Amino acid sequence: MANQWRGVLREYADRLDITEKTPIITLGEGGTPLIRAAALEARTGAKVWVKFEGMNPTGSFKDRGMTMAVSKAVEHGAKAVICASTGNTSASAAAYATHAGITAAVLVPEGKIAMGKLAQAIAHGAELLQVQGNFDDCLDIARDLAANYPVHLVNSVNPDRIEGQKTAAFEVVEVLEDAPDFHIVPVGNAGNYTAYFRGYSEELARGESTKLPRMFGFQAEGSAPIVLGHVVKSPETIASAIRIGNPASWKLATAARETSDGYFGAISDAKILEAHRILSSEVGIFVEPASAISVAGLLERSDAGIIPKGATVVLTVTGHGLKDPQWALRTPDGSDIKPTIVPADTTEIADVLGLRSV
Ligand code: AN7
């Protein structure tokens, strides 16, 4: 059989806490493209690369941590995993659990997760419960259940998750042959921010890179507890993936920001949607709204004069646009975009397209 990418546990076995006893539960996650974005370079003067994590098996970066968390859970004899989720973690947990032959229970905030993610969790056979509360309520309950019942928690408070997710930084350093000057990520629970920082720190310690990137993280304005410095009781944003008011990895992320001379900023929903359109219509990458905040954050920091011309910037876009496609079908002022209807007639279609016969 010809070689193919073997998933992050096998590819990085020497840098993760796994042994011959660890069953490798993989769907081939990782190895995602790092894409040069000329349109963003033209707007900023920086060298801009986009790490497209929507290319993972369930369409988000969560798969990197889930392969690790579910593999370790099975190694320890777990028959069921549980998580709270704004959508992507539940889709990933459901897929990896079913691949491992165990069950997944997922708690999601009622009516607040994107349709694609809900469909994924159900398709993969998860026990999906819509909780009458927000994500933070769901996480409190998931932690309670894991502490008192025979279910294994696979939220990012489980350290195996962040361990798996750090592999994305390894991939960036391999492609660029150094760390970038800046790395920008969306922030919800701040687990991914923490994971990239750890991955880059390990690369520096191994001598594979010469520096730590400045880690920049962005939260939605209505859900920006780290920026505000206090828990947000009723977080709101159209970027449902990061509608989180009390981040699980808050302390770790604050330490990472200090060490990396990093930054946390807040972005309005309008700017998120503007960045979403720029990325899809000028770069050719379709993401969900939460992911577009990386692009919005780059543009905001560039306008503020913080990103020097020629600096290397990596943006992680965390989830695929197909999970939550409705945002592409609205104009900036919020009206619906309706594709033109035409008769099945070549001449009429050529006319509508403004084509003249040759
Ligand atoms: C697309 O699925 O928290 O800061 O429960 O789905 O590591 O939390 C998702 C988070 C960014 C934020 N982008 O990452 C969940 C969940 C997307 C996401 C984040 C999430 P963290």
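Structure shown above.
Calculation rules
- Residues numbered from 1 in each chain as written.
- Predicted model: local features only at pLDDT ≥ 70, side-chain atom pairs only at ≥ 80, totals over all residues.
- Heavy atoms only, no water.
- Helix = DSSP H or I, 4+ residues; strand = E, 2+ residues; numbered from the N terminus.
- Rg over C-alpha atoms; globule rule 2.2 N^0.38 Å.
- Buried < 20%, exposed > 50% of the residue type's maximum accessible area, 1.4 Å probe, protein only.
- Contact = heavy atoms within 4.5 Å.
- Areas by Shrake-Rupley, 256 points an atom, 1.4 Å probe, with all protein chains shown as cover.
- Lys, Arg positive; Asp, Glu negative; His and termini not counted.
- Charge placed at Lys NZ, Arg CZ, Asp CG, Glu CD.
- Patch = residues over 30% accessible without salt bridge, like charges linked within 9 Å, V, L, I, M, F, W, Y side chains within 5 Å.
- Salt bridge = Lys/Arg side-chain N within 4 Å of Asp/Glu carboxyl O.
- Phe/Tyr/Trp six-rings, centres within 6.5 Å; stacked < 30°, edge-to-face > 60°.
- Pairing = 2+ DSSP bridges.
- Axes fitted to C-alpha atoms, helices over the stretch in contact; angles between N-to-C directions.
- Near = heavy atom within 4 Å.
- Polar contact = N/O pair within 3.5 Å; in protein donor to acceptor, adjacent residues only side chain to side chain.
- Nonpolar A, V, L, I, M, F, W, Y, C, P; charged D, E, K, R; others polar.
- Disulfide = S-S within 2.5 Å.
- Parallel < 35°, antiparallel > 145°, perpendicular 65-115°, else oblique.
- Left-handed = near helix turned anticlockwise from the far one by under 90°.
- Right-handed = clockwise from strand over helix to strand, strands pointing away.

## Regarding the overall build of the protein
Thinking step 1. Scanning the protein from terminus to terminus reveals 14 helices and 10 strands.
Thinking step 2. Computed over its C-alpha atoms, the radius of gyration of the protein comes to 21 Å, within 12% of the 21 Å expected for a compact globule of 358 residues.
Thinking step 3. Projected onto its principal axes, the C-alpha coordinates of the protein cover approximately 70 × 55 × 45 Å.
Thinking step 4. Classification of the 358 residues of the protein by burial places 54% in the buried group.
Thinking step 5. Partitioning the contacts of the protein with sequence separation of at least 6, the portion at a separation of at least 24 is 71%.
Thinking step 6. Of the roughly 15,800 Å² of accessible surface on the protein, a fraction of 53% belongs to carbon and sulfur atoms.
Thinking step 7. Computing the positive centroid from 33 side-chain charges and the negative centroid from 41, the protein places the two 2 Å apart.

## A closer look at the environment of Pro109
Thinking step 1. As for its placement among the helices and strands, Pro109 is situated in strand β4 (residues 103-109).
Thinking step 2. Through-space distance from the C-alpha of Pro109 to that of Gly87 is 8.9 Å; in sequence the pair is 22 residues apart.
Thinking step 3. The contact partners of Pro109, leaving out residues within four places of it in the chain, are Ser85, Gln130, Val131, Gly133, Asn134, Phe135 and Cys138.

## Here we look at a nonpolar patch on the surface
Thinking step 1. A cluster of nonpolar side chains, Val342, Ile349, Val352, Leu353 and Leu355, forms an exposed patch at the surface whose accessible area comes to about 430 Å².
Thinking step 2. Tracing the backbone shows Leu355 in the segment after α14 (346-353).

## Side note on the packing of aromatic side chains
Thinking step 1. For the coordinates displayed, the defined rule picks out 7 aromatic pairs.
Thinking step 2. Measuring from ring centre to ring centre gives 6.4 Å for Trp5 and Tyr12, while their planes differ by 65°; the resulting arrangement is edge-to-face.
Thinking step 3. Residue Tyr12 is classed as buried on the basis of its relative accessible area, which comes to 3%.
Thinking step 4. With centroids separated by 4.5 Å and ring planes inclined at 35°, the aromatic side chains of Tyr193 and Phe264 adopt a geometry described as tilted.

## Describing the sheet that holds strand β5 (residues 127-131)
By way of backbone hydrogen bonds, the strands of a sheet pair with one another, either parallel or antiparallel.
Thinking step 1. Spatially, 4 strands are ordered β5-β4-β3-β6 in an open sheet, and the strand pairing comes out parallel. The open sheet has two edge strands with one neighbour each: β5 and β6 (152-153).
Thinking step 2. Together, β3 (80-84) and β4 form the strand contacts of helix α4 (residues 88-100), whose direction differs from that of β4 by roughly 170°.

## Remarks on the site of the ligand
Thinking step 1. Around the ligand, 23 residues are found, and the nearest of them are Asn88, Thr89, Asn189, Ala190 and Thr318.
Thinking step 2. The side chain of Thr318 places a nitrogen or oxygen atom 2.6 Å from a nitrogen atom of the ligand.
Thinking step 3. Elements supplying a minimum of two residues to the shell around the ligand: α4 and α9 (191-206).
Thinking step 4. Grouping the constituent residues of the shell around the ligand by class yields 9 nonpolar, 12 polar and 2 charged.

## Notes on helix α8 (residues 167-176)
Thinking step 1. With 7 of 10 residues buried, α8 lies mostly within the body of the structure.
Thinking step 2. Taken as a whole, α8 has its buried residues at Thr167, Ala168, Ala169, Phe170, Glu171, Val172 and Val173.
Thinking step 3. Just downstream of α8, Glu177 is the residue with a positive phi angle, here 60°.

## Points about the state of the cysteines
Thinking step 1. Applying the stated criterion to the full structure yields 0 disulfides.
Thinking step 2. The thiol sulfur of Cys83 is not disulfide-bonded, and the nearest other cysteine sulfur, from Cys138, lies at 9.7 Å.
Thinking step 3. Residue classification places Cys138 among the buried residues on the basis of a relative accessible area of 0%.

## Re the sheet that holds strand β9 (residues 263-267)
Thinking step 1. With mixed pairing, the 6 strands of this open sheet are ordered in space as β1-β2-β10-β7-β8-β9. Each of the sheet's edge strands pairs with one partner strand only, and the pair in question is β1 (34-36) and β9. Adjacent strand axes in the sheet meet at a mean angle of 25°, parallel and antiparallel pairs treated alike.
Thinking step 2. Relative to strand β2 (residues 47-52), β1 runs antiparallel, the two being bridged by 3 bridges. In the strand pairing of β2, Ile35 is matched with Val50.

## Things to note about the packing of helix α3 (residues 62-75) against α4
The axes of two packed helices give the description: the angle between them and the distance between them.
Thinking step 1. For the pair α3 and α4, interaxial distance at closest approach is 9 Å and the crossing angle is 40°. As judged from the angle between their axes, α3 and α4 are oblique. Along this stretch, α3 crosses α4, giving a crossing that reads as right-handed. Where α3 approaches α4, its residues Lys62, Asp63, Met66, Thr67, Val70 and Val74 are matched on the opposing element by Asn88, Thr89, Ser92, Ala93, Tyr96, Ala97 and Ala100.
Thinking step 2. Counted by class, the contact of α3 with α4 contains 7 nonpolar, 4 polar and 2 charged residues.

## Re the pairing of β4
Thinking step 1. The element β4 is largely enclosed, with a buried count of 5 among its 7 residues.
Thinking step 2. Of the strand pairs in this sheet, β3 and β4 are connected by 5 bridges, and their pairing is parallel. Residue pairing in the sheet places Ala84 in a bridge with Leu107 of β4.
Thinking step 3. In the classification by handedness, the crossover that spans β3, the intervening α4 and the parallel β4 is right-handed.
Thinking step 4. Across 5 bridges, β4 lies against β5 in parallel orientation. Its bridge partner being in β5, Val108 is matched across the sheet by Gln130.
Thinking step 5. Read from β4 through helix α5 (residues 115-123) to β5, the crossover connection turns out right-handed.

Interpretation in functional terms is not warranted from these geometric data alone.
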